[in-house]
Amino acid sequence: MGCSHSTSELPDNSIPLTPISSLKFASNKNSTSMSGKDIGNSEGNLEMDKIRHLLKEYIETERKIQILEVNNPVTVFYVKKSQLDQIDINIEEKMKNIESLKQNLHFNSTNRSSKTRSGTRGTSNRRKFERSVHEVLINMGDKIFGQEEQEILASTNKLEIALTELEMHHQEKVLLGNDVAQLVTILSEMSEEYKKQDYILSELGLDENFQTATSDEESELVDLESARITISEIFERWREARNELLEASSQFSMVLVNIEESSKTPTIETPIVSTNGRGQYEIGEEIRDRLVSIWQALHNVQFLVGRDLPYCTDTELPILEKAMTYLFIDLRTHERRKHATNCYCAFQRRTLALLAWVEKTIEVVIQPILALKQEEVDEKTKLLSQLRVKNLYNKVSNKQTCCTAFFHNNAPCHNSDSSLA
């Protein structure tokens, strides 16, 4: 599991981006507007008032954009939207799977009833078409399950697992849908602020020589920002995968606690549904829900990272699926329960190992690359900002010296006087 700093191994998710070239001014609450005394007689005063107003408006839009960009909404939007699209696919596939399971369960039930009526089966095997695991367990009582009884219970449980997965998909869709809607609102606000900036810059009238001189710089900034966004999206995906693995590890711990709780019975062949109530059945149902949550978390990790990962392969995940399917059978006897516990312990250790590897990859590979790209973007943005400030300063100071004070009073700390000369 060696890690390389090369970006060639990272997914190519280039995202077109409008460069964020900004004027960095600090507000001056004590600045006063020019007197309107001679406005009617002086076109110069009118132009200076307009420039002063536009500059203040630009500063305000820049502050709004900085606030909106705090949590990296562009990158988070792409990640959340891709997850939402994938959930729609999962829901469609799961609904087809549920229909298939229902038909198969109904067919097997009809087939058993037909054999019973023809006399090929004893009356002890006569079963109705049960629709829940709880009903199956009650009807079968505390007898030792044969192969047919095990398959009936496993098939019924498999259907309930699929129904639980579908419900969890719908719940996750609602949460992600809310997140995406909020991000769309933020991005719309950002877009409006960018449009305001473009309008202000056009009104300020940057000369053609300046635009030609900075075109190469702006083109480089677009490329740098696109690369940064790509790495940033990878970082967000791996961070989400880390959260999924943390959740899976936590759920495994609770599964082991629940299994220990279910084992507190005096005999080996104790039914999961006792005559005293549904206590042990409820424990089993809780374990199953946790396992379904783990199952979905591991699949989410695969989707987020976009590559095969240790312990999340097509040969290992089916083992967990089988364990879920035969859960209620495993909980009926001491030996089966012990085997299931060992299986879940092994999966928990593997999940923790995968979590450690993902965290190390983020720390050693992804974060350093992202920090480097961010530094390059910041340097190029600062250069363009300084060039624009210098151009505007020269433009204004050539017309009226009174606006010079505006620049000196409102210029940012990192833009020294020498940079405006």
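Calculation notes
Residues numbered from 1 in each chain as written. Predicted model: local features only at pLDDT ≥ 70, side-chain atom pairs only at ≥ 80, totals over all residues. Heavy atoms only, no water. Helix = DSSP H or I, 4+ residues; strand = E, 2+ residues; numbered from the N terminus. Contact = heavy atoms within 4.5 Å. Areas by Shrake-Rupley, 256 points an atom, 1.4 Å probe, with all protein chains shown as cover. Salt bridge = Lys/Arg side-chain N within 4 Å of Asp/Glu carboxyl O. Disulfide = S-S within 2.5 Å. Phe/Tyr/Trp six-rings, centres within 6.5 Å; stacked < 30°, edge-to-face > 60°. Buried < 20%, exposed > 50% of the residue type's maximum accessible area, 1.4 Å probe, protein only. Lys NZ or Arg CZ within 6 Å of the ring centre and 35° of its normal.

Quick notes on the overall build of the protein chain
When helices and strands are tallied, the protein chain shows eleven helices and zero strands. Mapped from its N terminus to its C terminus, the protein chain presents α and β elements in the order α-α-α-α-α-α-α-α-α-α-α. Contacts in the protein chain between residues at least 24 apart in sequence constitute 84% of all its contacts with a sequence separation of at least 6. Carbon and sulfur atoms make up 51% of the accessible area of the protein chain, which totals about 22,200 Å².

What to know about the pattern of salt bridges
Within the structure shown, the criterion is met by 18 salt bridges. Overlapping salt bridges bring together Glu160, Glu285 and Arg288 as one network.

Observations regarding unusual backbone geometry
Positioned with a positive phi, asparagine 72 is a non-glycine residue whose angle comes to about 55 degrees. Of note, asparagine 72 is situated in the loop between helix 1 (43–68) and helix 2 (73–118).

Overview of the side chain of lysine 80
Tracing the sequence through the fold places lysine 80 in helix 2. Residues within four places of lysine 80 in sequence aside, it is in contact with Leu176, Asp179, Val180, Leu183 and Glu240.

Notes on the state of the cysteines
Counted by the stated rule, this structure contains zero disulfides. Cysteine cysteine 345 remains unbridged, with the sulfur of cysteine 343 as its closest cysteine sulfur at 9.3 Å.

Side note on the packing of aromatic side chains
Scanning all chains against the criterion turns up four aromatic pairs. On the basis of an interplanar angle of 50 degrees and a centroid distance of 5.8 Å, the ring pair of tryptophan 238 and tryptophan 357 is categorised as tilted. With tryptophan 238 in helix 5 (residues 208–262) and tryptophan 357 in helix 9 (residues 334–397), this pair connects stretches of sequence that are 119 residues apart. For the pair tryptophan 238 and tryptophan 357, one class covers both residues: buried. A ring pair is formed by tyrosine 281 and phenylalanine 328, whose centres lie 5.8 Å apart and whose planes are at 20 degrees; its orientation type is stacked. With tyrosine 281 in helix 6 (residues 279–305) and phenylalanine 328 in helix 8 (residues 327–330), the pair connects residues that are 47 residues apart, well separated along the chain. On the accessibility criterion, tyrosine 281 (4% relative accessible area) is buried. The cationic tip of arginine 350 hangs over the ring face of phenylalanine 347; the distance from NZ or CZ to the ring centre is 6.0 Å.

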